[in-house]
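Residues per chain, in single letters:
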Amino acid sequence: MDVNQEKVNQVRKIRIFDTTLRDGEQSPGCSMHINEKLDVAEALERLGADVIEAGFPAASEGELKAVKEISAVIKNATVAALCRCRKEDIDKGWEAVKDAAHPRLHVFLATSPIHLKYKLRIDEDTAVEMIRTHTQYAKSLTDDVEFSFEDATRTPYAFLARAARTALEAGATTLNFPDTVGYATPAEMKEMISYIRENVAGIDRAAIAVHCHNDLGMAVANSLAAAEAGASQIECTVNGIGERAGNAALEEVVMAIKTRRDRFGMYTDVVTERIFRTSQLVSGIVGIKLPPNKAIVGKNAFAHESGIHQHGVLANKATYEIMSPKDIGVPENTLFLGKHSGKHAFSELLEEMGYSLTPEQVDAYFPRYKELADRKKEVTRSDIDALLSGIYRRRVKRIYSLKDYEVTAYKNSASALISLEADGRIHSDRMTGDGPVDAGFKAINSLTGQNFKLTDYQVHSVSEGKDALGEATVKLASPEDGKVMTGKGISTDVLEASLIAYINATNKLLQEE
Ligand code: MN
């Protein structure tokens, strides 16, 4: 018996539906450049997500284009497009995913009394009719149709079951019952899914899904409770990003199912060794640092500080560790390469760390590695991660790049002379400001002729020791449409890292349509 068959006989598969690129991306400050979306989509496919919700194509032309491009590169996972119950939404959704290897249309309508009355201003009969006609229309375009009953957890069971029967009869192959507002408890989730299974005839023809929000911190627990009651698809996001308090965190759902397989009797197809890297990629792109105590992927998730714990772990890891950091791909932060290491060693290490770079990219990054090895005594794996953070295969086109800078500062006044390169020409300008960073940012705005507004600015140390690398994150907003882009910069000099981050965010905003 092969391993997969063995898995099926023993346990039930839970499909992982990732909505980092839709629910995650639409949350405040989490916008991604199209190239970053493609990087994330490819990382999710390598991670083993079953379904990647790539976006909401009716939202804008840019969103449609991104979903279309994601559909073109994703081969194994299903690519889903979200659509409201409107013909034009479904048409745009289909245009975006029709060339995917496995396309899915994901149509939704709210079913709770409060949404029907105040948001949609329709009665139950009208809602049922909308569900029927739009599911049928989506089904006329593709076999794989998911229908979501928005705010399901605040919908009376009888009506929810009627809505579910309607979508099922109209051809939906997945029925999703979201806890849109993060209000439900695990016991309620179980009760709701059990009710649906008992009261919707033929429900076994469709997959039951849940999509839980974390407003009360119960998104993961609610998702797992629903799975125990028979749901077979869990919708989640990397690092739990998403509207308000976010969605169920993919890494927590997956590792709970894996670690407590004895209890749940389920498995997922996620390659857990890729969790840490994917988490870092998403965190880097959206510019949101994880709290150190974040489950599974936080910096301290596997740290043992107290003497008693350390003693126990040294004697036997299982005393305090229920999972191994290796299982989620946390790199062991040991010294590995020095400044005399060659390109071959560098390339092999990248391979081993899970990066899949083209030979041209290895060539491009090797000098930066050497430069780093010259500046730092020890180059660690976290240094390499920092050097390559957010850099997979596509890079945001550099319209402007930092050529040189010279800053003088005294107490609350500073002057910065910044030189940028654009189209092979060097442009320089000097500005004064409250401090060196402020002066530098002003000089960049003056050189690019932009009036982008700084909405967030953070500097962190990404590795240890006094020669650690500094990582700056800058969020800039366009005054015209309020679009926010995140820029990152890494250097042993935090001022340089800040200037690079500011230019990076500027380049991204200039490429947004
Ligand atoms: Mn949501």
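What you see is a predicted model; the values in this text were computed from it and never measured.

Here is what the cut-offs are and how they apply
- Residues numbered from 1 in each chain as written.
- Predicted model: local features only at pLDDT ≥ 70, side-chain atom pairs only at ≥ 80, totals over all residues.
- Heavy atoms only, no water.
- Core = buried A, V, L, I, M, F, W, Y, C linked by side-chain atoms within 4.5 Å.
- Buried < 20%, exposed > 50% of the residue type's maximum accessible area, 1.4 Å probe, protein only.
- Helix = DSSP H or I, 4+ residues; strand = E, 2+ residues; numbered from the N terminus.
- Contact = heavy atoms within 4.5 Å.
- Pairing = 2+ DSSP bridges.
- Axes fitted to C-alpha atoms, helices over the stretch in contact; angles between N-to-C directions.
- 1 Å grid on protein atoms, 1.4 Å probe; cavity = no way out; pocket = protein on both sides within 12 Å on 5 of 7 lines; lining within 4 Å.
- Points joined across faces, edges and corners; volume = space filled by probe spheres on them.
- Phe/Tyr/Trp six-rings, centres within 6.5 Å; stacked < 30°, edge-to-face > 60°.
- Polar contact = N/O pair within 3.5 Å; in protein donor to acceptor, adjacent residues only side chain to side chain.
- Right-handed = clockwise from strand over helix to strand, strands pointing away.
- Donors = N, O, S within 2.8 Å, 3.2 Å for Na, K, Ca; no water.
- Parallel < 35°, antiparallel > 145°, perpendicular 65-115°, else oblique.
- Left-handed = near helix turned anticlockwise from the far one by under 90°.
- Nonpolar A, V, L, I, M, F, W, Y, C, P; charged D, E, K, R; others polar.
- Expected span 1.5 Å × (residues − 1).

A. Up close: the nonpolar core. With 92 residues, the main nonpolar core has Phe 147, Phe 149, Leu 175, Phe 177 and Ile 275 as its most contacted residues. Broken down by element, this core gets its largest block of residues, 7 residues, from helix H8 (residues 157-169). With residues near it in sequence (within four places) discarded, Phe 147 still touches Cys 85, Val 107, Phe 108, Leu 109, Ile 131, Thr 135, Ala 167, Ala 172, Thr 174, Leu 175 and Asn 176. Among the nonpolar cores identified, the runner-up in size contains 24 residues, and Ala 439, Phe 441, Ile 444 and Ala 472 belong to it.

B. Spatial organisation of the sheet that holds strand E16 (residues 484-491). Taken in spatial order, the 3 strands make up an open sheet running E14-E15-E16, and their pairing is antiparallel. Each edge of the open sheet carries a strand with a single partner, namely strand E14 (453-461) and E16. Shown here is a sheet whose adjacent strand axes are inclined to one another by a mean of 15°, direction ignored. Judged from the 8 bridges that link them, strand E15 (residues 470-477) and E16 form a sheet pairing that is antiparallel. Its bridge partner being in E16, Ala 477 is matched across the sheet by Val 484.

C. Spotlight on empty space enclosed by the protein. Going through the model one piece at a time under the given rule, you end up with 2 cavities of 30 Å³ or more. One number sums up the size of the second largest cavity: a volume of about 30 Å³. Lining the second largest cavity we find Leu 47, Val 238, Leu 250, Glu 251, Ile 275, Thr 278 and Ser 279. The set of elements that each furnish at least two residues to the lining of the second largest cavity consists of helix H11 (250-259) and helix H13 (275-286). Per element, the largest residue contribution to the lining of the second largest cavity is 3 residues, and it comes from H13.

D. Seen up close, the pairing of strand E11 (residues 401-410). Two strands pair when backbone bridges link them, and E11 and strand E12 (residues 413-422) are joined in this way by 9 bridges, in the antiparallel orientation. Across the sheet, the residue bridging to Tyr 405 is Ile 418, located in E12.

E. Representation of the packing of aromatic side chains in the model. One pass over the full model with this rule turns up 8 aromatic pairs. When the ring of Phe 147 is compared with that of Phe 149, the centres are 5.2 Å apart and the planes differ by 40°; the resulting orientation is tilted. A relative accessible area of 0% means that Phe 147 is categorised as buried. Phe 149 sits in the buried class, given a relative accessible area of 0%. Aromatic pair Phe 346 and Phe 366: ring centres 5.6 Å apart, planes at 55°, arrangement tilted. With Phe 346 in helix H15 (residues 343-352) and Phe 366 in helix H16 (residues 359-375), this pair connects stretches of sequence that are 20 residues apart. Each member of the pair, Phe 346 as well as Phe 366, is classed as buried. An aromatic cluster of three or more residues is present, and its members are Phe 147, Phe 149 and Phe 177.

F. Structural context of the sheet that holds strand E6 (residues 145-150). As summarised here, the arrangement of the 8 strands in space is E2-E3-E4-E5-E6-E7-E8-E9, forming a closed barrel in which the pairing is parallel. Averaged over all neighbouring strand pairs, the angle between strand axes comes to 25°, with direction disregarded. Pairing of strand E2 (residues 15-18) with strand E3 (residues 51-55), which is carried by 2 bridges, proceeds in the parallel orientation. Bridge assignment links Phe 17 to a residue of E3, and that residue is Val 51. The strands that H11 touches are E2 and strand E9 (233-236); relative to E2, the one it contacts most, it runs at about 170°.

G. Main features of the environment of Lys 403. Tracing the backbone shows Lys 403 in strand E11. Residue Lys 403 is classed as partly exposed on the basis of its relative accessible area of 49%. Along the backbone, Lys 403 and Asn 76 are 327 residues apart, and their C-alpha atoms lie at a distance of 42 Å. At 3.4 Å, the side chain of Lys 403 forms a polar contact with the side chain of Glu 421.

H. Representation of the pairing of strand E4 (residues 78-84) in the model. Buried residues dominate E4, accounting for 6 of its 7 residues. Pairing geometry for E3 and E4, over 4 bridges, is parallel. Across the sheet, Glu 53 pairs through a bridge with Ala 80, a residue of E4. Of the crossover connections in this fold, the one passing from E3 over helix H4 (residues 61-73) to the parallel E4 is right-handed. Across 6 bridges, E4 lies against strand E5 (residues 103-110) in parallel orientation. Bridge assignment links Arg 84 to a residue of E5, and that residue is Phe 108. Between the parallel elements E4 and E5, the chain passes through helix H5 (residues 87-97) in a crossover that is right-handed.

I. A look at the coordination of the manganese ion. Around the manganese ion, the protein supplies Asp 23 (OD), His 211 (NE2) and His 213 (NE2) as donor atoms, at distances of 1.9 to 2.3 Å. Sequence spacing of the donors to the manganese ion: D-x187-H-x1-H. Taken together, the residues span a long stretch of sequence, with Asp 23 in helix H2 (residues 20-24) and His 213 in the loop between strand E8 (207-212) and helix H10 (219-228) at a distance of 190 residues. Judged by relative accessible area, His 213 falls into the buried class, the value being 4%.

J. Spatial organisation of the packing of H5 against helix H7 (residues 124-141). One way to put it is that H5 packs onto H7 with a least axis distance of 10 Å and a crossing angle of 25°. Here H5 lies roughly parallel to H7, going by the angle between them. Two packed elements cross with a definite hand, and for H5 against H7 that hand is right-handed. Along its contact with H5, which presents Lys 87, Ile 90, Asp 91 and Trp 94, the element H7 presents His 134, Tyr 137, Ala 138 and Leu 141. In terms of residue class, the contact of H5 with H7 is made up of 5 nonpolar, 1 polar and 2 charged.

K. Region of interest: H8. For H8, spanning 13 residues, the distance from its first C-alpha to its last is 18 Å, which sits close to the expected 18 Å at 1.5 Å a residue. Turning to H8, its buried residues are Phe 159, Leu 160, Ala 161, Ala 163, Ala 164, Thr 166, Ala 167 and Leu 168. Turning to H8, the residues buried within the fold contact helix H6 (113-120), H7, E6, strand E7 (174-179) and helix H9 (186-199). Gly 171 occupies a position one or two residues after H8 and carries a positive phi of about 115°.

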